[in-house]
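Each chain, letter by letter, is given below.
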Amino acid sequence: MRPDHHLALVDTNGDTSDGAGAGATRREDISAIFEEVLGRPVKITNDTDIVEDLGMDSLGVMNFVMAIEDFYDISIPLDRIAQIQTVGDLIHAVEDLRIGTPA
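Residues numbered from 1 in each chain as written. Predicted model: local features only at pLDDT ≥ 70, side-chain atom pairs only at ≥ 80, totals over all residues. Heavy atoms only, no water.

Chemist: Teacher, can you tell me more about the confidence of the model for the protein here?
Modeler: Interpretation of this model should avoid reading the predicted coordinates in detail wherever pLDDT is low. Residues with a pLDDT of 70 or more make up 75% of the protein, whose mean pLDDT is 80. Of all the helices and strands in the protein, helix α1 (residues 22-38) carries the lowest mean pLDDT, 88, while helix α4 (residues 87-99) carries the highest, 93. (pLDDT = per-residue confidence, 0-100. Helix = DSSP H or I, 4+ residues; strand = E, 2+ residues; numbered from the N terminus.)

Chemist: Sorry, what's going on with the environment of Ile-81 here?
Modeler: Mapping Ile-81 onto the fold places it in helix α3 (residues 78-82). Relative accessible area serves as the criterion here: at 17%, Ile-81 is assigned to the buried category. In this structure Ile-81 touches Val-65 and Ile-76, once residues within four positions along its chain are discounted. (Buried < 20%, exposed > 50% of the residue type's maximum accessible area, 1.4 Å probe, protein only. Contact = heavy atoms within 4.5 Å.)

Chemist: Could you clarify how one ought to interpret α4 in this entry?
Modeler: Residues spaced three or four apart along an α-helix face the same direction, because each turn holds 3.6 residues. The end-to-end C-alpha distance of α4 is 18 Å, a good match for the 18 Å that 13 residues give at a rise of 1.5 Å each. After α4 finishes, the residue Gly-100 shows a positive phi value of roughly 85°. (Expected span 1.5 Å × (residues − 1).)

Chemist: Please clarify how helix α2 (residues 58-72) should be interpreted in this entry.
Modeler: Look at α2: 21 Å from first C-alpha to last across 15 residues, which is about the 21 Å you get at 1.5 Å a residue. Burial in α2 covers these residues: Gly-60, Val-61, Phe-64, Val-65, Ala-67, Ile-68, Glu-69 and Tyr-72. Directly after α2, the chain includes Asp-73, whose backbone phi takes a positive value near 55°.

Chemist: I would appreciate a short explanation of the nonpolar core in the present structure.
Modeler: Considering soluble globular proteins, one finds that nonpolar side chains tend to be buried as a cluster. Among the nonpolar cores identified, the biggest contains 23 residues, and Ile-30, Phe-34, Phe-64, Ile-68 and Leu-90 are the most heavily contacted of them. Elements supplying a minimum of two residues to this core: α1, α2 and α4. With six residues, α2 is the single largest residue contributor to this core. If we ignore the near neighbours within four places in the chain, the residues touching Ile-30 are Ile-44, Phe-64, Ile-68, Tyr-72, Leu-90 and Ile-91. (Core = buried A, V, L, I, M, F, W, Y, C linked by side-chain atoms within 4.5 Å.)

Chemist: Can you walk me through the side chain of Thr-86 in this structure?
Modeler: As for its position among the elements, Thr-86 is in the loop between α3 and α4. Given the relative accessible area of 18%, Thr-86 is considered buried. Looking at Thr-86, its side chain comes within polar contact range of the main-chain oxygen of Asn-46, at 3.4 Å. Setting aside its immediate chain neighbours within four residues, Thr-86 contacts Asn-46, Asp-47, Thr-48, Asp-49 and Ile-50. (Polar contact = N/O pair within 3.5 Å; in protein donor to acceptor, adjacent residues only side chain to side chain.)

Have a look at this one:
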């Protein structure tokens, strides 16, 4: 059983000036989760490739997926995880799963 942990989010003052609205806020949350899992600061965009650009191995990806599931209180099916390559893909998947849209 995994220990219960809480992720501290970086205060962004709600700035979504890039025109992405809620997607920008979700990206900020995801960035904070990446930083927690990787143990270092990261700068991401919707086009950031999760494995290639962030240098995550399979264990890091699984730790990240578990952190995302815990943070958003969702379960990401394995077939859906396989479809996620970029941060934008991840944001879209999280939004779909939070509103109950199938893959």
